[in-house]
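# Examination of the molecular architecture
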Amino acid sequence: DVKVTQSSRYLVKRTGEKVFLECVQDMDHENMFWYRQDPGLGLRLIYFSYDVKMKEKGDIPEGYSVSREKKERFSLILESASTNQTSMYLCASSTSGGRSGNTIYFGEGSWLTVV
Amino acid sequence: GESVGLHLPTLSVQEGDNSIINCAYSNSASDYFIWYKQESGKGPQFIIDIRSNMDKRQGQRVTVLLNKTVKHLSLQIAATQPGDSAVYFCAEKVGGNNRLAFGKGNQVVVIP
């Protein structure tokens, strides 16, 4: 089974703090994603990466950055957390190859509250 | 954390009945579709997928139907159980694009 692990399930941070959300997948997937999920807004893509050290902006990248130094690990960084970044953050991964049928598998989510 | 199920269309189903959840997708070029189940406080879980060259695909207690003419996808759950209570949402993908576009979701509540 695919395993996508988000190291922190619940975090409370202060406004202005730097926040790291870590994600590891164990299936040698090329693609990794960070989404945020908010009531009424569904899943929104922040950033994704299709290879080590490669990244592309998603739909809402402002206020976030990412790091992919190793294939299995994809980190989301909030340089200066703000209250409007309070959300559930979901990491995901998938195989690549450009073919249809590359299912995206999700982690269990990280609940971030910024106070 | 606040439930992701707030403000979503809700389907209430009696335990043992069949459930049908519908999804209208947006891109006629989409060629791959997935249904996810998300329980409260958890990440989305893959249920079943279907490619655009198929009209129907069956899994364990679940069936996905695809109508490309009207860009409609449905998920049928047979003999709904309390453990099926969750938010269900569809996702579509276009060809070589690795990104998925997600629907907002439907809340299913199973009444014992």
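Look above for the structure.
Residues numbered from 1 in each chain as written. Chains lettered and ligands numbered in written order. Predicted model: local features only at pLDDT ≥ 70, side-chain atom pairs only at ≥ 80, totals over all residues. Heavy atoms only, no water.

## A word on the side chain of D84 of chain B
Residues and elements named next belong to chain B. Along the chain, D84 turns up in the loop between β7 (72–77) and β8 (86–93). A relative accessible area of 7% means that D84 is categorised as buried. There is a polar contact of 2.7 Å between the side chain of D84 and the backbone nitrogen of Q81. Once you skip the residues sitting within four places of it in the chain, D84 turns out to touch K37, R61, I77, A79, V108 and V110. (Helix = DSSP H or I, 4+ residues; strand = E, 2+ residues; numbered from the N terminus. Buried < 20%, exposed > 50% of the residue type's maximum accessible area, 1.4 Å probe, protein only. Polar contact = N/O pair within 3.5 Å; in protein donor to acceptor, adjacent residues only side chain to side chain. Contact = heavy atoms within 4.5 Å.)

## A word on the pairing of strand β8 (residues 65–70) of chain A
Residues and elements named next belong to chain A. In this sheet, strand β9 (residues 73–78) lies alongside β8 in antiparallel orientation, the contact comprising four bridges. Paired with K70 across the two strands is R73, which belongs to β9. Here β8 folds back onto β9 in antiparallel fashion, the turn holding two residues. (Pairing = 2+ DSSP bridges.)

## Describing the packing of aromatic side chains
Within this structure, the stated rule accounts for twelve aromatic pairs over all chains. With centroids separated by 6.1 Å and ring planes inclined at 25°, the aromatic side chains of F33 of chain A and Y35 of chain A adopt a geometry described as stacked. On the basis of relative accessible area, F33 of chain A is assigned to the buried category, the value being 0%. In textbook terms, an aromatic cluster arises when at least three aromatic residues are bridged by ring pairs, as seen for F33, Y35, F48 and F106 of chain A together with Y36, F89 and F102 of chain B. (Phe/Tyr/Trp six-rings, centres within 6.5 Å; stacked < 30°, edge-to-face > 60°.)

## A look at the state of the cysteines
By definition, a disulfide links the sulfur atoms of two cysteines through a covalent bond. Residue and element names in this part refer to chain B. Under the defined criterion, the tally for this structure stands at two disulfides over all chains. Covalently, C23 is tied to C90 through a disulfide, its sulfur atoms 1.6 Å apart. Highlighted residues: C23 in strand β2 (residues 19–24) and C90 in strand β8, separated in sequence by 67 residues. Here the two residues C23 and C90 agree in accessibility, since each one is buried. (Disulfide = S-S within 2.5 Å.)

## Things to note about unusual backbone geometry
Both trends apply: most residues other than glycine have a negative phi, and most peptide bonds are in trans. All names here are of chain B. The phi dihedral of K71 is positive, around 55°, even though this residue is not glycine. Locating K71 in the fold gives a position in the loop between β6 (62–67) and β7. With relative accessibility at 28%, the residue K71 sits in the partly exposed group. Even without being glycine, A79 reaches a positive phi, approximately 50°. Position of A79 among the secondary structure elements: in the loop between β7 and β8. Take A79: its relative accessible area is 37%, and that puts it in the partly exposed class.

## Here's the deal with the environment of E22 of chain A
All names here are of chain A. Within the secondary structure, E22 sits in the loop between β3 (19–21) and β4 (23–25). Setting aside anything within four residues of it in sequence, one finds E22 in contact with T5, Q6, S7, W34, R73, F74 and S75. One polar contact links E22 to S75, side chain to side chain, over a distance of 2.5 Å.

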